[in-house]
Amino acid sequence: MRDLFEKIYRDKGPLGKWASQAEGYFVFPKLEGQISNRMKFQGKDVITWSINDYLGLANHPEIRKVDAEAGAAYGSAYPMGARMMSGHTALHEQLQEELAAFVNKESAYLLNFGYQGMVSTIDALVSKNDIIVYDVDSHACIIDGVRLHMGKRFTYKHNDVISLEKNLERATKMAEQTGGGILVISEGVFGMRGEQGILREIVALKEKYNFRFLVDDAHGFGTLGKTGAGAGEEQGVQDDIDVYFATFAKSMAGTGAFIAADQEIIDYLKYNLRSQMFAKSLQMQLVVGALKRLDMLRTMPELKNNLWNIVNALQTGLKERGFDIGTTQSCVTPVFLKGSIPEAMALVRDLRENYGIFCSIVVYPVVPKGIILLRMIPTATHTLQDVEETLVAFSAIRERLINGTYKRLSAAVTAAMGE
Ligand SMILES: Cc1ncc(COP(=O)(O)O)c(C=O)c1O
């Protein structure tokens, strides 16, 4: 018999194998200073394009004040216990009511973290006779939620309504045999490449098929739609989303998440979400902080306007310079380049060290082999000057990628890794 750890000693996994070259710099980097458009990385000033603080609330003086006051008033322990037992407060309820009103649903329920919250929302919504149909490019929290499901599941091709319909036909036949129902899951915005989910097309299929629709709108909440209520509002189908999910980790610049739906569905979930029934309640400082953030989302449309001015300047500037930014329909701004992982490392080092630009780098297996994805997250705190400097830097690094500079610089790494 083998030692359980043997495989771990042998193979660190597709990303882990890069740890000795990447850790501390490309992965697990330590950004320092206050969260903003400009921070410090390894002692150097950098323009940061890798923080999901879309509306620039993380370090807004009013937010900092409320967070500090709530910390002083409640400490970081209050309330103790799970919501059901001893962790419930009037402020949790108030936040739920305000969130529900903001996303135009009857009711809402708080989740400690988006990830576990989504996992257990899926778990609670389906039983073994039910069928799940979900986008193949779904976030890990959806995939993990589906993994808990004891019944059948089908993926449909990313944002492909024909593939979805084929799978709905299969699922319908199967559900007729099992006596179950169907749950369709999409993201409101796919966070890697920035496309919106095809919510309108999915909802239109409700005329032909009987299913319920769950949307993870982590990146849409606060950034899309007239009032900031997200991708459903943007596409005019919010009412047809049966269960709406968003996290506080992005536009709300906090921690926690929520689901919103009809009252009866939330009443059910409240008693069946294992991640909330068997875990400590969202702490009060986060609840009070979220109430303040939500108030600012509602009353300060200039935050979203500033964000979109930057998004438009960045995305238009990149396109004008001939960069491939894929098919983004949101603030998420990907730049696709061709190159190996060692070349990507040399390129990002150049961007950070010589141009003071910090953005995330995404490589295989998240994107296909030979593709380098530089993923940029514009925020309301960026300036047009930041955009201009970034565009100049991007033109320079593309030139060096094409003329083989990074290939030469990365030769030693390439040889060592056998790439
Ligand atoms: C699409 C999506 N869903 C869920 C989550 C998880 O949310 P949280 O960070 O609150 O756990 C994230 C990342 O934050 C996300 O991008």
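Cut-off values and rules
- Residues numbered from 1 in each chain as written.
- Predicted model: local features only at pLDDT ≥ 70, side-chain atom pairs only at ≥ 80, totals over all residues.
- Heavy atoms only, no water.
- Pairing = 2+ DSSP bridges.
- Helix = DSSP H or I, 4+ residues; strand = E, 2+ residues; numbered from the N terminus.
- Axes fitted to C-alpha atoms, helices over the stretch in contact; angles between N-to-C directions.
- Contact = heavy atoms within 4.5 Å.
- Near = heavy atom within 4 Å.
- Polar contact = N/O pair within 3.5 Å; in protein donor to acceptor, adjacent residues only side chain to side chain.
- Areas by Shrake-Rupley, 256 points an atom, 1.4 Å probe, with all protein chains shown as cover.
- Nonpolar A, V, L, I, M, F, W, Y, C, P; charged D, E, K, R; others polar.

A. Here's a closer look at the sheet that holds strand S8 (residues 212-216). An order of S4-S10-S9-S8-S7-S5-S6 is seen for the seven strands of this open sheet, with the pairing classed as mixed. Looking at strand neighbours, the two that pair on one side only are strand S4 (107-111) and strand S6 (153-156), the edges of this open sheet. Taking each pair of neighbouring strands and ignoring which way they run, the sheet shows an average axis angle of 20°. Taken strand by strand, helix H5 (residues 114-125) contacts S4, strand S5 (131-135), strand S7 (182-187), S8, strand S9 (243-247) and strand S10 (257-261), and its axis lies near 175° from that of S8. In the packing of helix H6 (residues 140-147) onto the sheet, the strands contacted are S5, S6, S7 and S8, and the crossing angle to S5 comes to about 160°.

B. Highlighting the site of the ligand. As a matter of local geometry, the ligand sits amid 13 residues, with Gly114, Tyr115, Asp216, Thr247 and Lys250 nearest to it. Backbone polar atom of Tyr115 to an oxygen atom of the ligand: 2.8 Å apart, as the coordinates give it. One of the side-chain N or O atoms of Lys250 is found 3.0 Å from an oxygen atom in the ligand. Protein contact buries 85% of the 380 Å² of open area that the ligand shows by itself. Here the residues of the shell around the ligand are counted per class, giving five nonpolar, five polar and three charged.

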